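Survey of secondary and tertiary structure
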Amino acid sequence: MRHLLFSLLVLASLNLFSQESITLTVSAKNNKGMILSGIEARFLNASLVADVQNKEKLIYTKVPKGYYEISISAEGYATMIWRGQVDKSQDVVVSLESSYLKLDEVVVNSDKKETALLNSATSITTLNARQIRDMRIWEIGDLSGFAPNLYIANSGDNRNISGIRGMVTTSYDQSVATYIDGVAQFNLDTYIPQLNEIESIDIIRGAQGTFYGRNAMGGVINITTKKPGNSKQINAGVQFGNHGQKRINASLNTPLFKNKLFLGISALHDARRGFYTNTVLSNDFDKQQQTMLNAQLRYFLGKQWSVQADLKRYFATNEGAFPLVNDLEALFKQPYTLSQNLSAPMKDNSSNGSLVIKHKGKKTDFTLQHSRQSNYRYYENTLDADFSPADIVGVFNNYGKDFNKVNVIANELRFNSVKNTENTPIEWSAGIYQFIQKSPTKQATVFGKDAGLFGVPDKNFSIISINKGTNNGLAAYGHLSYKITEQLTINGGMRIDRENRKLTIGSEYEKQPNPAFPMMSDTTGKTSYGAFSPKLGIQYKSTTNQIWYVSFSRGFRSGGLTGISSDPSQIPLSAYKPEYSNMFEAGLKGQDKQKLIRYAVAIFYNNVRDIQTPLLLLPDAVTIIQNAGKMNTFGFESEIEMLLTKGLSLQYNGGITHAKYSTLGAVSNGNQVDYSGNKQVFTPSSTNYLSAQYQKMFGKQAWMIRMEYNHTGSQFFDLANKIQQKGYGLVNFRTGIRTQQFDISVWGRNLTGKKYINYAYDFGAAHLGNPRMIGVGLGWRL
């Protein structure tokens, strides 16, 4: 790696002496011709930072010749994209309309590059920084239902499972990939749920295996944080709410060496009391606090080379990670009340670091990314695994940092063609990806004095399961878009993945105070598999503001080996194959000429084979996976956003999913069961999101009020389709005043106090979604 960096630096130094001196000045004015202050500009196809930034203009010096697309925005004005060829020094002066009168020209992060929404032939729902603020999006789970057919939930431990169009699973390798600043959150072990200083969020629906590879068979959630530049920015905020809610955030973006080196630092602390009361121990069961730190360094070597280093740290303590109730009737009759005899705080520490090197060439750009992720998650003492007042069984895994600490190293090298004009006929991308993952776990199933209630003949003993896993993979991919005419484009690509898994297992018996002794000596299993992920599509641009598209894409969820548990009927080291989805989609999206209405519709059909069914074994809390069948899903999606009148906007995002197993066999209570014809789990029959927002200016102060209705259709949580939550709706609210330096807001979530099952296990334990939350916020910026 050091030799590679040295070579890149040498190449960069040579480029510095060959640049032609071109100066690009960017400014904006309103519809009255007045120059706007505080504008922001982002190059979509280059990494450039303004050398001079004052109140009225941005000046870029030594700009390489070429075609550029620049997203230009200002507070209170609709974002627009400037497109043009830069061959000599010039002034770019754009006219921005009030956001009360025009919709933003949307930029999306699709196919690992930024582009205009109407240039992307796939289903994407996007949020910019202003929308994230207005909607009070604090964590990834808050996105559930906002995009059509998107459902996100967790069992109380903040490790979200995400499903799109029926592509969902409760296992650690998810069906929807989550990326933060281009780095995949490898699986649930390395997942960071909180959001802070976010620039944009893109929810890409449909199989994305060609560009994103493993575990993107349902889609991708792409999260991009704000980047530091030449302007110094300081932000701070505090939020207070019921249930002891406290949320404090702060950030600093500043140049260290003007035009060369930039620093960004942000911090977040989120804490609240528990929603649930434990009647046995008489305490707030799920009291928790989360802290997140993020540091960025950006270094520019001229205008063609850039280096960015990023480090994210996440620390969480959850006093009750599994607020579960076995009796579904009691769950609603005595809401947010449970009875567990054991309390085990969960510690969750994650680290996510990356180094990205980019070069913009005359014909080819390339990006090199190196990332490292780690997670250390454990329970401080024994966790209640029977979710009852009796001392039947628990789980213990606090064996030190040699165990239960996951480490992932990943590298990606990507090449992209340079877009020379707006109508460049051929665009291509190619890359290679490599990773290695190590995940040693040691976990004890602790049988207490009441173990006989589960039919266990002994008591006060433990069975310790040890699993040491290593996973490595290599992939290569390529994609090509060809413009047959100015209106008609065909695109296609493919990706080949190869993964190797190795798992060493062992088990011990322990009856304190006697030392543990082996029940099974270390045994090793290995498996390998490959995946082929093609993509093919046709895109027709009927007008400058409307496109039609038809596409086929394939995705896969990685295979593996089953671990060892205390259940002797479950054979360890059994290999399971990857799960594959074949997605067919047709869609239309566009906007009117006045930019008052934006719309998108899509229909899809998905054939899924080699479905992996995860079985949670109790009391171990170990997931066993097997390939068990096939599934077909189809549905419809629609999105519309409109400005009804000055300052008043309306948005609707809705979807229908019909996901049913054509064949499915599973084991229940030791018996083979046929679940063919049953519906997919964690898949609402529909999602409907409706919002209305009104904004008004009072001098330089902006006031807004927003109401949201988020309806989730009927869904099942178990393969037998016996645990069902019927359709329900949540009402959210936010109002606030924003000045040049301060924000004051009042917000509410689930205002009607709706009680609903958010997550349930197939053995019957479930927990409710969050109760009514009301709070106030204060923000400050410089």
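Just so it is clear, the structure is predicted and the values come from calculations on it, not from any experiment.

When helices and strands are tallied, the protein chain shows four helices and 50 strands. The C-alpha radius of gyration of the protein chain comes to 26 Å, within 12% of the 28 Å expected for a compact globule of 782 residues. Along the first, second and third principal axes, the C-alpha set of the protein chain runs to 85 × 55 × 50 Å. Restricting to contacts in the protein chain with at least 6 residues of sequence separation, those with at least 24 account for 67%.

Further remarks concern unusual backbone geometry. Backbone geometry follows two general trends: most residues other than glycine have a negative phi, and most peptide bonds adopt the trans configuration. Following Gln-512, the chain continues to Pro-513 via a peptide bond in cis, the omega torsion being 10 degrees. With respect to the element layout, Pro-513 can be found in the loop between β32 (488–510) and β33 (517–543). Its identity as a non-glycine residue notwithstanding, Asn-149 has a phi of 60 degrees, on the positive side. Backbone geometry places Asp-181, a non-glycine residue, at a positive phi of 55 degrees. With respect to the helices and strands, Asp-181 occurs in the loop between β13 (176–180) and β14 (183–184).

Our focus in this paragraph is the sheet that holds strand β1 (residues 24–29). The four strands lie next to each other as β3-β4-β1-β7, forming an open sheet whose pairing is mixed. For this open sheet the edge positions go to β3 (52–53) and β7 (90–95), each flanked by a neighbour on one side alone. Judged from the three bridges that link them, β1 and strand β4 (residues 58–60) form a sheet pairing that is antiparallel. Residue Val-26 lies in a different strand from β4, and its bridge partner there is Leu-58.

Here five strands make up an open sheet; going across it, the order is β10-β15-β16-β13-β14 and the pairing mixed. Two strands close off the open sheet at either side, each with one partner strand: β10 (123–128) and β14. As paired strands, strand β15 (residues 198–205) and strand β16 (residues 219–225) are joined by seven bridges and run antiparallel to one another. Of the residues in β16, the one forming a bridge with Arg-205 is Gly-219.

Note that strand β48 (residues 757–760) and strand β49 (residues 766–768) share three bridges and pair antiparallel. Bridge pairing in β49 places Ala-760 opposite Ala-766. Counted between consecutive antiparallel strands, the loop separating β48 from β49 contains five residues, among which Gly-764 sits at a positive phi close to 115 degrees.

By the secondary structure assignment, Lys-679 is in the loop between β41 (671–674) and β42 (686–698). Given the relative accessible area of 39%, Lys-679 is considered partly exposed. For the pair Lys-679 and Gly-431, spaced 248 residues apart in sequence, the C-alpha separation works out to 38 Å. Leaving out residues up to four positions away in the same chain, Lys-679 has contacts with Ala-659, Lys-660, Tyr-661, Phe-716 and Asn-721.

Turning our attention to the pattern of salt bridges. As enumerated under the stated definition, the model contains 42 salt bridges in all. The salt bridge partner of Arg-130 is Asp-134, with a shortest N-O separation of 3.6 Å. You can see Arg-130 and its partner Asp-134 sitting in helix α2 (residues 129–134), four residues apart, about one turn around the helix. In this structure Asp-134 comes out as buried when scored by relative accessible area, which is 4%. As a salt-bridge pair, Lys-312 and Asp-310 come within 3.0 Å of each other at their nearest N and O atoms. The class of Lys-312 is buried, set by a relative accessible area of 7%. Asp-310 sits in the buried class, given a relative accessible area of 5%. One continuous salt-bridge network, built from bridges that share partners, spans Glu-75, Asp-104, Arg-130, Arg-133, Asp-134, Arg-734, Arg-738, Asp-743 and Arg-781.

Moving on, we get to the packing of aromatic side chains. The geometry of an aromatic ring pair comes down to the distance between the two centres and the angle between the two planes. Counted according to the given criterion, the structure contains 27 aromatic pairs. The interplanar angle of 45 degrees and the centroid separation of 4.9 Å between the aromatic rings of Phe-552 and Phe-584 together place this pair among those described as tilted. Of this pair, Phe-552 sits in strand β34 (residues 546–557) while Phe-584 sits in strand β37 (residues 579–591), placing them 32 residues apart in sequence. You can call Phe-584 partly exposed: its relative accessible area is 42%. When the ring of Tyr-759 is compared with that of Tyr-761, the centres are 5.2 Å apart and the planes differ by 65 degrees; the resulting orientation is edge-to-face. Owing to a relative accessible area of 4%, Tyr-759 belongs among the buried residues under this scheme. Three or more aromatic residues link up through ring pairs in this structure, and these residues are Phe-387, Phe-682, Phe-717, Tyr-759, Tyr-761 and Phe-763. A cation over an aromatic ring shows up here: Lys-442 above the ring of Tyr-399, its NZ or CZ 4.6 Å from the ring centre.

On to the side chain of Gln-725. Here Gln-725 lies in strand β45 (residues 724–725). By relative accessible area, Gln-725 is classed as buried at 8%. A distance of 2.7 Å separates a polar atom in the side chain of Gln-725 from the backbone nitrogen of Ile-757. Apart from the residues lying within four places of it in its own chain, the contact partners of Gln-725 are Phe-332, Gly-713, Ser-714, Gln-715, Phe-717, Tyr-756 and Ile-757.

To continue, consider the nonpolar core. With 81 residues, the main nonpolar core has Leu-143, Ile-201, Ile-203, Ile-223, Tyr-276, Phe-322 and Phe-682 as its most contacted residues. Those residues in contact with Tyr-276 that lie beyond four places of it in its chain are Asn-283, Asp-284, Phe-285, Asp-286, Pro-323, Leu-331, Tyr-336, Thr-337, Leu-338, His-767 and Leu-768. If you look at the next biggest cluster of nonpolar residues, it comprises 23 residues, including Ala-28, Leu-36, Ile-70 and Ala-74.

Position of Thr-169 among the secondary structure elements: in the loop between β12 (161–164) and β13. Residue class for Thr-169 comes out buried when judged on its relative accessible area of 4%. At 3.2 Å, the side chain of Thr-169 and the backbone nitrogen of Ser-171 are in polar contact. Non-local contacts of Thr-169, meaning those with residues more than four positions away in its chain, are made with Ile-161, Gln-174, Ser-175, Arg-557 and Pro-614.

A separate point is the confidence of the model for the protein chain. In the predicted model, the protein chain carries a mean pLDDT of 90, and the fraction of residues at 70 or more is 95%. Contacts from residues 1–19, a stretch scored under 50 in pLDDT, to residues over four places away or in other chains number 21 contacts.

On to the pairing of strand β31 (residues 461–483). Relative to β31, strand β30 (residues 426–447) runs antiparallel, the two being bridged by 22 bridges. In the sheet register, Glu-427 faces β31, and the bridge partner there is Ser-481. Bridge count for β31 against β32 is 22 bridges, and the pairing is antiparallel. If you follow Ser-481 over to β32, its bridge partner there is Asn-491. The antiparallel pairing of β31 with β32 creates a hairpin that spans four residues between the two strands.

The rules behind the values
Residues numbered from 1 in each chain as written. Predicted model: local features only at pLDDT ≥ 70, side-chain atom pairs only at ≥ 80, totals over all residues. Heavy atoms only, no water. Helix = DSSP H or I, 4+ residues; strand = E, 2+ residues; numbered from the N terminus. Rg over C-alpha atoms; globule rule 2.2 N^0.38 Å. Contact = heavy atoms within 4.5 Å. Pairing = 2+ DSSP bridges. Buried < 20%, exposed > 50% of the residue type's maximum accessible area, 1.4 Å probe, protein only. Salt bridge = Lys/Arg side-chain N within 4 Å of Asp/Glu carboxyl O. Phe/Tyr/Trp six-rings, centres within 6.5 Å; stacked < 30°, edge-to-face > 60°. Lys NZ or Arg CZ within 6 Å of the ring centre and 35° of its normal. Polar contact = N/O pair within 3.5 Å; in protein donor to acceptor, adjacent residues only side chain to side chain. Core = buried A, V, L, I, M, F, W, Y, C linked by side-chain atoms within 4.5 Å. pLDDT = per-residue confidence, 0-100.

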